[in-house]
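Residue-level structure breakdown
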Amino acid sequence: MIDQAMQSVLGWWQLLPGGWRLLLWNTGKILLVMIPLMLAVAYYTLAERKVIGFMQVRLGPNRVGYHGLLQPFADAIKLMFKEVILPTNADRFLFLSAPVLVLGPSLAAWVVIPFDEGLSIANIDAGLLYILAVSSVTVYGVILAGWASNSKYAFLGAMRSAAQMVAYEIAMGFALVGVLMISGSLNLGHIVHSQNGGILHWHLLPLLPLFFVYMISGIAETNRAPFDVVEGESEIVAGFHVEYSGITFAMFFLAEYANMILISALIAIMFLGGWLSPLQGIVPDSVFAIPVIGLLLGHGIHWLIFKTAFFMFNYLWFRATFPRYRYDQIMRLGWKVFLPITIVWLVIEGLAAYFKLPPWFN
Amino acid sequence: MKRRLISWLKSFFFWELFQGLRVTGRYFFARKFTIRFPEERTPKSPRYRGLHALRRYPNGEERCIACKLCEAVCPALAITIDSEEREDGTRRTTRYDIDLFKCVYCGFCEEACPVDAVVLTRFHDFHFEERGQQVIRKLDLLKLGDRFEEEIATDRQTESKYR
C-alpha cells in the first residue's frame, strides 16, 4: 500500500518538467527552514516574557495553555485580526512596503546558514558578504517606516536607528574581516570547517575581542536593550513603528526576533564552530561510533541549535539586566571603542598569521 | 593613576556588567512571589472590611431592628433605611440600601450596630455589570449574610475580646 503510494508519487515527480521540479524542490527546502524559524520566533517571544519575568521574580504569562505555552498563538491571532490603521497623512505605498522591507531581508539571510555538513538552502561562496549585504537592507525598511508614518516619534526613531545601525554595521563588518582572515573563506560552511579539530580550534579563543565586539554590535544592530533607543519606550513611545498596528506591526516584531535568532546563529557559526561538537578531541573518537550516544555527542545540527539558544538567552538576560544606553554613549561606544579594538586586533591577527601561530594559523 | 588603571581595566573587561548579570541570574532561579489569583488567594485578616452583609439570628429572624444608627454614623451617606411596624409589633426595615460607590468601607456601621446586624465580610472581589447594580438592596444583603454566616460568626468570635 505504502509502496504503491510512493510509486505513484515518484511517478508524478518524474512526469513534472525540470523547471517545475526545481521550483518545488527549492520551495520545499525554504519551507523546511521557514516553518521551524517561525515557530522559533513565536516561542522566542514567549521565552522572552518568561525569562524576564523570572528574573524579576514574577511568573510571566501562564494563563493560555499549560504554563502559557499557547500564548504566542493567542498573540498572533489577536494581531492578525486587529485593524491596520493608516495614518491620514501617511504615504500609503511606503507605509505598507516598509514592513516587507524589514521582514524580507531578515528571512532571506537564512538562505546561506549551514545547519549541518552541506545542509543549507544555498551554498554560496560569498555567504558572509551576502549576509552583510542583506542585513544592511533592513535599515531602509526602518527609515521608510519612520518617514512614511508622518509622525515625529516615528521619524526620530528612524533617525536614531539609521545612525545606530550604520555605526555598528562597521564594527560588525570589521569583526567579520577577522573571521575571514583566520578561516580564509567567505563561505560559511568553510568557516565552520576551518574550526574543525576540537574546542581549542574554534575562533572563539584567537578572536575573543572580536567575538565580544560582534556580540555587542549584534545587539545594537537588532535594536535590542540596552541599545534600544530606537524604540525607546519611555522617550519616543515605540520609535519607528508607533503608527503600525495589527499585522503590519506583527511583521516588524517578527523581523526583530528573526534577526536576533540570525545573529545568534551567526555568532555560533563564526566563533563557536557551528555544528561542530565541543567534545571533539576531548573524548576518544571511538565514543562517536556508539549508535545513539555517538550521534548526540558527535557533530550535528543539535549543537548549532544549542549554541544558538545560548546566545538567544543572552539577549533576554541582557535585556533584563542593563539599563538603556544614552544616545551619545552608544555612538561613542561604536566609533571610539569598538572600531579601534577591531582594527588593533586585525593587526595582531595579521602578525599571528605571518608567524603561523598554531593551532589556528597553519 | 593606579585607580584610573583599575577602573579602565574594569570597564574593559565588563566587570560591572558581569556583576549585574550575576544578580539577575541569581533571581532567575529565586522563588517566585506571584499569586495565581483565582486559584490562590492571599490570607486575609478576620478584621478585613470587604462587601457588606446583613445577618440573621440562628432561628432565621433578621437581626436588624431599623434603629438607623448605621445610617446616622455613615460618613459617606451610603446607607438608606426605611422602616415600618410589622404585624407582630416589632420594628423592621422595609428598605435597606447601601450604595457601594459611596461607601468608603470604614466599618463604622458595623461598630455602631447594637445587634451585630450589618457587618463587613471578607468578600472583596465582587463586580457590577449594569448601571444601578452598585446599590445593593436588603434582600441581597441578607443573602450575602446567609452565604458567609459561618465565616462572619467565627471572625466575630475570634475578634470579640478586642472589641
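Here the structure is a predicted model, which means the values were calculated and not measured.

Moving on, we get to the overall build of chain B. Within chain B one finds 5 helices and 5 strands. From first element to last, N terminus to C terminus, chain B shows the α and β order α-α-β-α-β-β-α-β-β-α. What you see for chain B is a C-alpha radius of gyration of 27 Å, clearly larger than the 15 Å of a compact globule of 163 residues, by over 25%. Evaluated residue by residue, chain B yields a buried proportion of 17% over its 163 residues. A sequence separation of at least 24 residues applies to 71% of the contacts in chain B between residues at least 6 apart.

Bringing the nonpolar core into the picture now. Ranked by size, the top nonpolar core spans 92 residues in total, and within it A258(A), I261(A) and I267(A) carry the most contacts. Here this core takes 18 residues from helix α10 (residues 246-271) of chain A, the largest share from any one element. Setting aside its immediate chain neighbours within four residues, I261(A) contacts A40(A), V41(A), Y44(A), T308(A) and M312(A). Within the second largest apolar cluster, 21 residues are counted, among which are L54(B), I98(B), C113(B) and A117(B).

Relative to the 20 Å expected for 14 residues at 1.5 Å per residue, helix α2 (residues 15-28) of chain B spans 20 Å between its end C-alpha atoms, a close match to the ideal helical length. The buried count for α2(B) comes to 1 of 14 residues, which makes it a mostly uncovered element.

Residue and element names in this part refer to chain B. Relative to strand β3 (residues 91-99), strand β2 (residues 79-85) runs antiparallel, the two being bridged by 7 bridges. In the sheet register, T80 faces β3, and the bridge partner there is D97. Two successive antiparallel strands, β2 and β3, enclose a turn made up of 5 residues, where G89 displays a positive phi of approximately 90 degrees. Inspection of the sheet shows β3 paired to strand β5 (residues 135-136) by 2 bridges, in the antiparallel sense. Bridging across to β5, I98 finds its partner in I136.

Okay, the interface of chain B and chain A next. Counting residues at the interface gives 9 residues for chain B and 9 residues for chain A. Broken down by class, the residue content of the side of chain B that touches chain A amounts to 5 nonpolar, 3 polar and 1 charged.

Quick look at α10(A) now. Residue and element names in this part refer to chain A. With 26 residues, α10 ought to run about 38 Å at 1.5 Å a step, and its terminal C-alpha atoms sit 38 Å apart, in line with that. For α10, the tally of buried residues reaches 22 of 26 residues, placing the bulk of the element in the interior. Positive phi shows up at G273, right after α10, with a value of about 75 degrees.

All names here are of chain A. With respect to the secondary-structure elements, Y44 resides in helix α2 (residues 18-55). Residue classification places Y44 among the buried residues on the basis of 22 C-beta atoms within 10 Å. Note: C-alpha distance between Y44 and P17 (27 residues apart in sequence) is 40 Å. Look past the residues within four positions of Y44 in its chain and what remains in contact with it is Y257, I261 and M312.

Let's shift gears to unusual backbone geometry. Residue and element names in this part refer to chain B. In the Ramachandran plot, A66 falls in the positive-phi region, its phi being about 55 degrees despite a non-glycine side chain. As for its placement among the helices and strands, A66 is situated in the loop between β1 (52-54) and α3 (69-73). On the basis of neighbour counts, which here come to 19 C-beta atoms within 10 Å, the residue A66 falls in the partly exposed class. If you check the backbone angles, Y105 has positive phi at about 55 degrees while not being a glycine. Within the fold, Y105 resides in the loop between β3 and α4 (108-112). Assessed through the 16 C-beta atoms surrounding it within 10 Å, Y105 is described here as partly exposed.

A word on the packing of helix α12 (residues 301-321) of chain A against α2(B). Put simply, α12(A) and α2(B) touch, their axes get as near as 9 Å, and they point 100 degrees apart. The angle between α12(A) and α2(B) places the two elements in the roughly perpendicular class. Every residue of α2(B) that contacts α12(A) at W317(A), A320(A) and T321(A) is listed here: G20(B), L21(B) and T24(B). Across the contact of α12(A) with α2(B), the residue classes break down as 3 nonpolar, 3 polar and no charged.

A separate point is the packing of helix α5 (residues 127-148) of chain A against helix α6 (residues 152-183) of chain A. All names here are of chain A. α6 packs onto α5 with a crossing angle of 175 degrees between their chain directions and a minimal axis gap of 8 Å. By the angle class used here, α5 and α6 are roughly antiparallel. Touching L128, L132, S136, V139, V142, I143, A145, G146 and W147 of α5 are A154, F155, G157, A158, S161, A162, M165, V166, E169, G173, L176 and L180, all from α6.

What follows concerns the sheet that holds β3(B). With respect to topology, 3 strands assemble into an open sheet ordered β2-β3-β5 (chain B), the strand pairing being antiparallel. Looking at strand neighbours, the two that pair on one side only are β2 and β5 of chain B, the edges of this open sheet.

Quick look at the environment of P46(B) now. Residue and element names in this part refer to chain B. Position of P46 relative to the elements: it lies in the loop between α2 and β1. Assessed through the 13 C-beta atoms surrounding it within 10 Å, P46 is described here as partly exposed. P46 sits 58 residues away from V104 along the chain, and the two C-alpha atoms are 18 Å apart. Residue contacts for P46: discarding those within four places in its chain leaves D155, T158 and E159.

Thresholds applied
Residues numbered from 1 in each chain as written. Chains lettered and ligands numbered in written order. Predicted model: local features only at pLDDT ≥ 70, side-chain atom pairs only at ≥ 80, totals over all residues. Helix = DSSP H or I, 4+ residues; strand = E, 2+ residues; numbered from the N terminus. Rg over C-alpha atoms; globule rule 2.2 N^0.38 Å. Buried ≥ 20, exposed ≤ 12 C-beta atoms within 10 Å, placed from the backbone. Contact = placed C-beta atoms within 7 Å. Core = buried A, V, L, I, M, F, W, Y, C linked by C-beta atoms within 7 Å. Expected span 1.5 Å × (residues − 1). Pairing = 2+ DSSP bridges. Nonpolar A, V, L, I, M, F, W, Y, C, P; charged D, E, K, R; others polar. Axes fitted to C-alpha atoms, helices over the stretch in contact; angles between N-to-C directions. Parallel < 35°, antiparallel > 145°, perpendicular 65-115°, else oblique.

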